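Commentary on secondary and tertiary structure
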Amino acid sequence: MQTAEIRGRWLAFFADRGHTVVPSASLVSDDPTLLFTVAGMVPFVPYLTGLVPPPYPRATSVQKCIRTNDIEEVGKTPRHGTFFQMAGNFSFGDYFKEQAIQYAWELLTTPESAGGYGFLEKDLWVTIYLDDDEAFGYWRAIGVPADRIQRLGKESNYWSTGQSGPAGPCSEIFFDRGPAYGADGGPATDDDRYVEIWNLVFMQYLRGEGSGKDDFEILGDLPKKNIDTGMGLERVAFLKQGVENMYEIDQVRPVLDRAAALSRRAYGADHEDDVRMRIVADHVRSSLMLMSDGVMPSNEGRGYILRRLMRRTVRAMRLLGVEGATFPELFPASRDAMSDAYPEVKSDYDRISQAAYAEEETFLRTLTSGSAVLDVAVAKTKKAAGAELPGDTAFLLHDTYGFPIELTLEMAEEAGLSVNREAFDALMSKQRAMAKADAKAKKTTLADLSVYSAFRAQGATVFTGHDTLQTESSI
Ligand code: ATP
Ligand code: MG
Ligand code: MG
Ligand code: MG
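Residues numbered from 1 in each chain as written. Chains lettered and ligands numbered in written order. Predicted model: local features only at pLDDT ≥ 70, side-chain atom pairs only at ≥ 80, totals over all residues.

**Description of the nonpolar core**
In this structure, Ala104, Val255, Ala259, Val280 and Ala281 are the most contacted members of the largest nonpolar core, which totals 105 residues. Ignoring any residue separated from it by four or fewer positions in sequence, one finds Ala281 in contact with Tyr247, Val252, Val255, Leu256 and Ala259. Grouped together as the second largest cluster of nonpolar side chains are 13 residues, Ala377, Phe395, Leu397 and Tyr401 included. (Core = buried A, V, L, I, M, F, W, Y, C linked by C-beta atoms within 7 Å. Buried ≥ 20, exposed ≤ 12 C-beta atoms within 10 Å, placed from the backbone. Contact = placed C-beta atoms within 7 Å.)

Put into C-alpha cells, the structure is as follows:
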C-alpha cells in the first residue's frame, strides 16, 4: 500500500465519521515557542485549550512535522525521521475515550479490501496508563486479549504541557514485527520489535503546577474532554510495504537509491554505509519540505536547523566517498517522490533548487579546508595527550568554514576527542553581543516578533506535541 493510499484511506475513514478534513498547516508553526510543527495537534491548540471556540466538533488532518530532537536516531532506528507526516483525529468536547479506541481499532484491522489497513489483530499490542482501567475495559471489549495490554507510567503514557492545564492518560498501539527482531516481552520491553504506530491522548483532567512533566497533582476533571491522536504515516507505510524501515518506503527510497548510485556502493552491503544512505534520504526530504515552506539556510533559528540538515547530508555523502556536488541529483529524486502529495515542491522547484544547490556549493568550498584545520587541531591535541579540542578551533570552524557545532562535535568524536563546549559557547555569545550592538547602531532589528505579543498576552498554554518538548533552547 503506497503512502498516498494510506493517507487517502485515513482521511476518507474519518470524513465518513463526521470529521472535518483540515489541510496540513505549514512546518513553520504559528506558535512562537515552537521552531516547527512537531505534531498534528499543534494547529488545533487554541481549540484544545478552549482559547478559541472550535469551528467544528471533530476534525482530521495529515500534518507535516519536523522533530529535530530525533535527528540522532535517524538511520539507526527504523522509525525516526526528522520529517514525517502525522495523521490525526481530534474531538473538541465531542466523542471521547471509548469512541477513539473503537475508531483506531476499526481502521487498523478492517481488511484492505474493505478500505482499512488490514493489520491482523494478533500482530497488535496496546499500552495504557497505569491506572486507566477505563481504557483497559474498552480494549478488552473490542477483543484485545488482556496479556497484550501493558500498563506504563507517566514517562511514556501520560500527556501534559509540563505546567498547570489540561492533562490526561495516553494509550498507544504497537505492531509486533516478530521474533526475528527481539524477545517477546511486548512494547514495554523492546521498541525495535514492537513498533509504535499510533498514540491516543485522552485530555480529561486539569493538572496543578508541580515540579515538571511527571510530578503533579490532578485538580479535577476538565469541563470539556478532548481527543488528540497521532499515527505515523511513514511507520504504517513501512510495515504495510514489507520493507525494513521508513527510509525504504515509496516516498523516501528513491533518494536513498540515488545516494547509493552516486557512491557506487550497494545498499545493504555495509552497516555504516547503510546508516549514511538513510541519513541522506531523510535529510534531503526534510530539507526539501522545509524549503518549500519558506525556510532558507542561515545561521539562526529555523534556518540553522535546515543548514545543519543540509551540511550533514553533504558530509554523509563525503563519507560515502563522493567528493563533488550531489544535491542536483538528490533533490530532484526527492521532489519526484513527494510532488504527488505536495505539488508545491514541483511548482516552486526553481527557487528551492537554486538555494539548495548554492548552499551545497558554499559548504563544499570550505569543507576540505575546514577538515584540514580540524585534522591539524586533532593531531596537536593528541600529541599533547589532550582529550579535548579547544573552543577557539570549534569557533573558527563555525565562523570561517561554516561548520555547525554539531558537525565539529561529530567529527571530533570520530577522532576520539571531545570539544571544549564552554569556550565555544562563550565565543559565540561574544559574537552575538557584538552583532546585536552593531545592528542597534544601524537601527535595524534582527527579527520582528511583535505579531506574537498579542498571542502571548492571552497566556496561551504551550503545547509541545504528544511527549515532545522541543523549544528553541533544546536544539
Ligand atoms: P517514539 O517513541 O517511537 O519516538 P513518540 O512516542 O515520540 O514515538 P508521539 O509523540 O506519540 O511519538 O507521536 C505520535 C506518532 O507519530 C507516533 O506513534 C509515531 O507513529 C509517529 N512519530 C513520532 N515521531 C516520529 C518520527 N520521528 N518519525 C516518524 N514517525 C514519528
Ligand atoms: Mg519519540
Ligand atoms: Mg513513544
Ligand atoms: Mg508516543
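**Let's talk about unusual backbone geometry**
Notably, Arg264 is not glycine yet its phi reads approximately 55°, a positive angle. Residue placement: Arg264 occurs in the loop between helix H7 (253-263) and helix H8 (271-292). In this structure, Ala385 takes a positive phi of about 55° despite not being glycine. Tracing the backbone shows Ala385 in the loop between helix H12 (349-383) and strand E10 (388-389). We classify Ala385 as exposed; it has 6 C-beta atoms within 10 Å. (Helix = DSSP H or I, 4+ residues; strand = E, 2+ residues; numbered from the N terminus.)

**A short note on the domain arrangement of the protein**
Looking at the assigned domains, one finds that the protein contains domain 1 (3-243) and domain 2 (251-376). Spacing between the C-alpha centres of domain 1 and domain 2 amounts to 30 Å. If you look at the interface, domain 1 gives 17 residues, while domain 2 gives 19 residues. Elements represented by at least two residues in the side of domain 1 that touches domain 2 include exactly helix H1 (3-16) and strand E2 (58-66). At 3 residues, H1 tops the list of elements feeding residues into the side of domain 1 that touches domain 2. (Domains from an automatic or database assignment.)

**So, the pairing of strand E5 (residues 149-152)**
Of the strand pairs in this sheet, strand E4 (residues 124-129) and E5 are connected by 4 bridges, and their pairing is parallel. Looking across to E5, one finds that Thr127 is bridged to Gln150. (Pairing = 2+ DSSP bridges.)

**Comments concerning helix H3 (residues 97-109)**
When the terminal C-alpha atoms of H3 are compared, their 18 Å separation across 13 residues agrees well with the 18 Å that a helix rising 1.5 Å per residue should span. Listed as buried for H3 are Lys97, Ala100, Ile101, Tyr103, Ala104, Trp105, Leu107 and Leu108. (Expected span 1.5 Å × (residues − 1).)

**Regarding the environment of Gly118**
Its location among the elements puts Gly118 in the loop between H3 and E4. Look at Gly118 and you get partly exposed, because 14 C-beta atoms sit within 10 Å. Among residues more than four places away in sequence, those in contact with Gly118 are Pro111 and Glu112.

**Remarks on the packing of helix H13 (residues 391-399) against helix H15 (residues 421-441)**
Following both chains from N to C, one finds H13 and H15 inclined at 50°, their axes separated by 7 Å at the closest point. Between H13 and H15, the angle falls in the class oblique. For the crossing formed where H13 meets H15, the hand is right-handed. Seen from H13, the contacting residues are Gly391, Asp392, Ala394 and Phe395; seen from H15, they are Glu422, Ala423, Phe424, Leu427 and Met428. Split by residue class, the contact of H13 with H15 holds 6 nonpolar, 1 polar and 2 charged. (Axes fitted to C-alpha atoms, helices over the stretch in contact; angles between N-to-C directions. Parallel < 35°, antiparallel > 145°, perpendicular 65-115°, else oblique. Left-handed = near helix turned anticlockwise from the far one by under 90°. Nonpolar A, V, L, I, M, F, W, Y, C, P; charged D, E, K, R; others polar.)

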